[in-house]
Amino acid sequence: NNKRELVEERIKQSFASPSSTSSFEMLDMDSVPAPYQEVQPHWFFCRRADENTSWLPFSREDSDKLENACHTGSKEEVVVAVDGDRYDVHVKERKRYAVYWDQAPTEVRRCTWFYKGDKDTRFMPYPEDFSQSLEEAYEIAVTLDEWKRKLEFPTGETVILHNPKLIMQYQPLGLQDEWVSSPSEQTRPRTVKRGVENISVEIPDGEPEKVDHLVFMVHGIGPACDLRFRSIIQCVNDFRSASLSLLASHYKRAQQDGQVGRVEFLPVNWHSALHGDATGVDEDIQRITLPSISRLRHFTNDTLLDLFFYNSPTYCQTIVDTVSSEINRLHVLFKQRHPKFNGAVSVVGHSLGSLILFDLLTNQRTGSEPGHLSCDTLEQTLTRLGLQQYLDTLQAENLDLESLALCHDSELKDLGIPLGPRKKILNYFHRAQSVTSAVDYEYFDVGIGQVSIDYPQLAFHPQTFFAFGSPIGMFLTVRGLKHIDPNYTFPTCKSFYNIYHPYDPVAYRIEPMIVSEVDLEPMLIPHHKGRKRMHLELKDSLTRMSMDLKNNVLGSLRTAWQSFARLPVAALPPVEEGGAAMERKLEEPQGRKKQAEIKVGMLNGGRRIDYVLQEKPIESFNEYLFAIQSHLCYWESEDTALLLLKEIYDKLGVAFEQPQQ
């Protein structure tokens, strides 16, 4: 009411004049403009990729949480968990920090006003102080119904509020050379919009709070995971987004009934530890590297050499220790942030990462519960390691034994702890549950000739192991393994899927090493939309028609055409067929013979192991052209993500839904 009285007084003053004090009273009250309404803010975060900067909106739920935290009135820093609890936003600092992986903090803004130039593809948010000035000017313009207002800033920019729907920003001539790329653009202003509802931006729906299953994803050779040179973090983010979309389309009814939450995927990065300062291997390799074809040699040193490192006892130990300790660290951290989580955990390995997980799972123990930290105190542990002089340093940071286990080498270095003591601490936690690789190979007809190292124990028993584009079969054969006994299974993991693209040059099969007397075709992974790709349907139809003609089954050309036009059995059946039929058709092998009933050993509980993706039509034109791309396609494959989700939710007893065609 006080604000309204102030507005009315300002309106009276604007219309009153010394010669006529009754002019305001002569006005028709219907002509008074609509009252000013405060703009609704939405929170954004900054993302920088190469030289490009973009601002992305938080989900509405996260934005509301940040807005509420902004108005708590607390003088202390307020921390809000966002993006499925994978990031923490320090509200007063306006920074967003990654929780599970190393990443530079990104800027966060409470956004109300946005701009876009002719060459911009999306609206960008103004800084908060700039937006506040615009909002104050807008409030005055609406209140007084006076437009064509000019707002000048100390930096030289000018914003003109022509009317409520047309607001433009003009750059001063002295700054236009930096702002625009050509003289023809020098007079073109920026379009200014008020409120997120007036700009074209897709605001995420947000993620369900409940996590049904946790999956750790281990990358292969090199620091990049696809042809766009994206990191494991970016690729896992895309895989997670695809799974959320598939849950909405294939488990919609279960979501509505509250049966389904979401699956959390977390990246496991081991490359940086191997190639970091701790090992010094990059510096050693660089000294002996030839100077010619430098780019190719750099690629070889940074990527292909990982294969040789894994066959070295020294660096194989580093890789295995890093993978296991990182998985255990992430597992502890996830449980801390999700104390109500009671779901199972699975692991995914791509390329060399799948071999690392295979060796790790082969060397797990079953005689005890999943590994955990000892009951010693921080002081007792440091005394055992001869590092008691660092007790005060660690206690000053409120670190207990469990917190110390989560520390990276860089964090211990920041505390002023020298390299030698750091290595002792990290080595203690990496190998606290280690066991010498005296593996019982009773199920192998030839012992596996891998290097002899200490294999750490994971802090949980994985439910399922998924291998993407895996060279496991080739490595086992090279190690001298000719046959895997059908009774063999991982000590702590009872399910195993070997998933590959048909043109992947690095992928090898597993089933022929178990069942050699039968020529088994791999299982064809269904298309996520519920049928085979069109070119594969055409190929099957032509094959079927030619076989029918050859066998003289068809009596007329009309019958032949009907055979050609007949669709193959759907890869994913309708919902009404029931779970048993669904499982049977999901596991229909490639080709015409149905071999789903054949037992292929216990590595996957008696079920099929080898699963092949359907190639895209363009890929079928030239297998060699798309070979490298095929090895890196798994991170963006919705078909692969759907297979993982179906395996996970089948074990939870949640019904799969056939999407509408």
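These numbers come from a predicted model, not from an experiment.

**So, the overall build of the protein chain**
And step 1. Looking only at helices and strands, the protein chain features 22 helices and 21 strands.
And step 2. Relative to its 661 residues, the protein chain shows a buried fraction of 48%.
And step 3. Pairs at least 24 apart in sequence give 69% of the contacts found in the protein chain among residues at least 6 apart.
And step 4. Split by element, the accessible area of the protein chain, about 34400 Å² in all, is 51% carbon and sulfur.

**Structural notes on the nonpolar core**
And step 1. Core analysis: the biggest nonpolar cluster contains 112 residues, and Phe216 and Phe465 have the highest contact counts within it.
And step 2. Taken together, domain 1 (42-176 + 183-194) and domain 2 (211-364 + 455-528 + 603-652) each give at least three residues to this core, which thus spans both.
And step 3. Here Phe465 is in contact with Val347, Gly349, Ser354, Leu357, Phe358, Leu361, Ile472, Phe490, Cys493, Ser495, Phe496 and Tyr497, once residues within four sequence places are set aside.

**Examining helix α10 (residues 313-337)**
And step 1. With 25 residues, α10 extends 36 Å between its outermost C-alpha atoms, agreeing within 8% with the 36 Å of an ideal straight helix rising 1.5 Å per residue.
And step 2. Within α10, 18 of the 25 residues are buried, which leaves the element mostly enclosed by the surrounding structure.

**Remarks on the packing of α10 against helix α11 (residues 352-362)**
And step 1. Running from N to C, α10 and α11 point in directions that differ by 80°, and their axes come no closer than 11 Å. It follows from the interaxial angle that α10 and α11 lie roughly perpendicular. From α10, Ile319, Val320, Val323, Ser324 and Ile327 reach across to α11, where they touch Ile356, Leu357 and Leu360.
And step 2. Split by residue class, the contact of α10 with α11 holds 7 nonpolar, 1 polar and no charged.

**Structural notes on the environment of Ala641**
And step 1. Along the chain, Ala641 turns up in helix α22 (residues 638-651).
And step 2. Sequence spacing of Ala641 and Phe239 is 402 residues, and the spatial spacing of their C-alpha atoms is 7.0 Å.
And step 3. The contact partners of Ala641, leaving out residues within four places of it in the chain, are Phe239 and Leu246.

**Observations concerning the packing of aromatic side chains**
And step 1. Tallied over the full model, the rule gives 26 aromatic pairs.
And step 2. A centroid spacing of 4.9 Å and a plane angle of 45° characterise the contact between Tyr115 and Tyr126, whose relative ring orientation is tilted. Taken as a pair, Tyr115 in strand β7 (residues 113-116) and Tyr126 in the loop between β8 (124-125) and α3 (128-144) lie far apart in primary sequence, 11 residues in all.
And step 3. Since its relative accessible area comes to 3%, Tyr126 is described here as buried.
And step 4. When the centroid spacing of 5.0 Å and the interplanar angle of 15° are considered together, the rings of Phe465 and Phe496 count as stacked. Placement of the pair is Phe465 in strand β18 (residues 464-468) and Phe496 in strand β19 (residues 495-500), with a sequence separation of 31 residues. In this structure, Phe465 and Phe496 share a single accessibility class: buried.
And step 5. Every member of this aromatic cluster is reached through a ring pair, and the members are Phe239, Phe265, Phe468, Tyr634 and Trp635.
And step 6. Geometry around Phe45 places Arg96 over its ring, the cationic atom sitting 3.9 Å from the centre.

**Things to note about unusual backbone geometry**
And step 1. In this model, Asp85 sits at a positive phi of 70°, which is unusual for a non-glycine residue.
And step 2. With respect to the helices and strands, the residue Asp85 is situated in the loop between β3 (79-82) and β4 (87-90).
And step 3. The exposure class of Asp85 is partly exposed, given its relative accessible area of 21%.
And step 4. Positioned with a positive phi, Asp145 is a non-glycine residue whose angle comes to about 55°.
And step 5. Along the chain, Asp145 falls in the loop between α3 and β9 (149-152).
And step 6. Judged by its relative accessible area of 44%, Asp145 falls in the partly exposed class.

**Side note on the sheet that holds strand β10 (residues 158-163)**
And step 1. Taken together, 6 strands build an open sheet; the order of strands is β8-β7-β12-β11-β10-β9 and the sheet is antiparallel. With one partner strand each, in any of the chains shown, β8 and β9 form the two edges of the open sheet.
And step 2. Bridge analysis of β7 against β8 gives 2 bridges, and the strand direction is antiparallel. For Phe114, the partnering residue across the bridge sits in β8 and is Pro125.
And step 3. Against the sheet, α3 makes contact with β7, β9, β10, β11 (166-170) and β12 (190-194), and its axis sits at roughly 160° relative to β9, the strand it touches most.

**Topic: the pairing of β7**
And step 1. In terms of strand pairing, β7 meets β12 through 4 bridges, oriented antiparallel. The partner of Phe114 across the bridge, within β12, is Lys193.

**Focus on the sheet that holds β4**
Working definition: the strands of a sheet are paired by backbone hydrogen bonds and lie parallel or antiparallel to each other.
And step 1. Here we have 6 strands laid out as an open sheet, ordered β2-β1-β6-β5-β4-β3, and antiparallel in their pairing. The strands lining the two open edges of the sheet, one partner per strand, are β2 (52-57) and β3. Across this sheet, the average inter-strand angle for adjacent strands is 30°, counted without regard to direction.
And step 2. Contacts from helix α2 (residues 60-70) reach β1 (42-49), β3, β4 and β6 (106-111) within the one sheet, and its direction differs from that of β3 by about 175°.

**A few points about the confidence of the model for the protein chain**
And step 1. Confidence in the prediction of the protein chain, expressed as mean pLDDT, is 78, and 73% of residues score 70 or more.
And step 2. In this model residues 11-30 is a low-confidence stretch, pLDDT under 50, and it forms 11 contacts with partners more than four residues away in sequence or in other chains.

**Some points on the packing of helix α5 (residues 232-250) against α22**
And step 1. Between α5 and α22, the shortest axis-to-axis distance is 9 Å and the interhelical angle comes to 65°. The chirality of how α5 crosses α22 is right-handed. Here α5 contributes Phe239, Ala242, Ser243, Leu246, Leu247 and His250 to the contact with α22, which in turn contributes Glu638, Thr640, Ala641, Leu642, Leu644, Leu645 and Tyr649.
And step 2. Grouping the amino acids of the contact of α5 with α22 by side-chain chemistry returns 9 nonpolar, 3 polar and 1 charged.

**Comments concerning the pattern of salt bridges**
And step 1. Enumeration according to the criterion identifies 24 salt bridges in this entry.
And step 2. Across the salt bridge formed by Arg149 and Glu146, the nearest N and O atoms sit 3.6 Å from each other.
And step 3. Residue classification places Arg149 among the partly exposed positions, given a relative accessible area of 27%.
And step 4. Of the charged contacts, one joins Arg509 and Glu511 as a salt bridge, the two residues approaching to 2.8 Å between their closest N and O atoms.
And step 5. Given the relative accessible area of 1%, Glu511 is considered buried.
And step 6. Residues joined in a network through salt bridges with shared partners are Arg86, Glu207, Arg240, Arg262 and Glu264.

**Some words on the side chain of Gln169**
And step 1. By secondary structure assignment, the location of Gln169 is in strand β11.
And step 2. A distance of 2.4 Å separates polar atoms of two side chains, one belonging to Gln169 and the other to Tyr126.
And step 3. A polar contact of 3.1 Å, which involves the side chain of Gln169, links it to the side chain of Gln171.

Rules used throughout
Residues numbered from 1 in each chain as written. Predicted model: local features only at pLDDT ≥ 70, side-chain atom pairs only at ≥ 80, totals over all residues. Heavy atoms only, no water. Helix = DSSP H or I, 4+ residues; strand = E, 2+ residues; numbered from the N terminus. Buried < 20%, exposed > 50% of the residue type's maximum accessible area, 1.4 Å probe, protein only. Contact = heavy atoms within 4.5 Å. Areas by Shrake-Rupley, 256 points an atom, 1.4 Å probe, with all protein chains shown as cover. Core = buried A, V, L, I, M, F, W, Y, C linked by side-chain atoms within 4.5 Å. Domains from an automatic or database assignment. Expected span 1.5 Å × (residues − 1). Axes fitted to C-alpha atoms, helices over the stretch in contact; angles between N-to-C directions. Parallel < 35°, antiparallel > 145°, perpendicular 65-115°, else oblique. Nonpolar A, V, L, I, M, F, W, Y, C, P; charged D, E, K, R; others polar. Phe/Tyr/Trp six-rings, centres within 6.5 Å; stacked < 30°, edge-to-face > 60°. Lys NZ or Arg CZ within 6 Å of the ring centre and 35° of its normal. Pairing = 2+ DSSP bridges. pLDDT = per-residue confidence, 0-100. Left-handed = near helix turned anticlockwise from the far one by under 90°. Salt bridge = Lys/Arg side-chain N within 4 Å of Asp/Glu carboxyl O. Polar contact = N/O pair within 3.5 Å; in protein donor to acceptor, adjacent residues only side chain to side chain.

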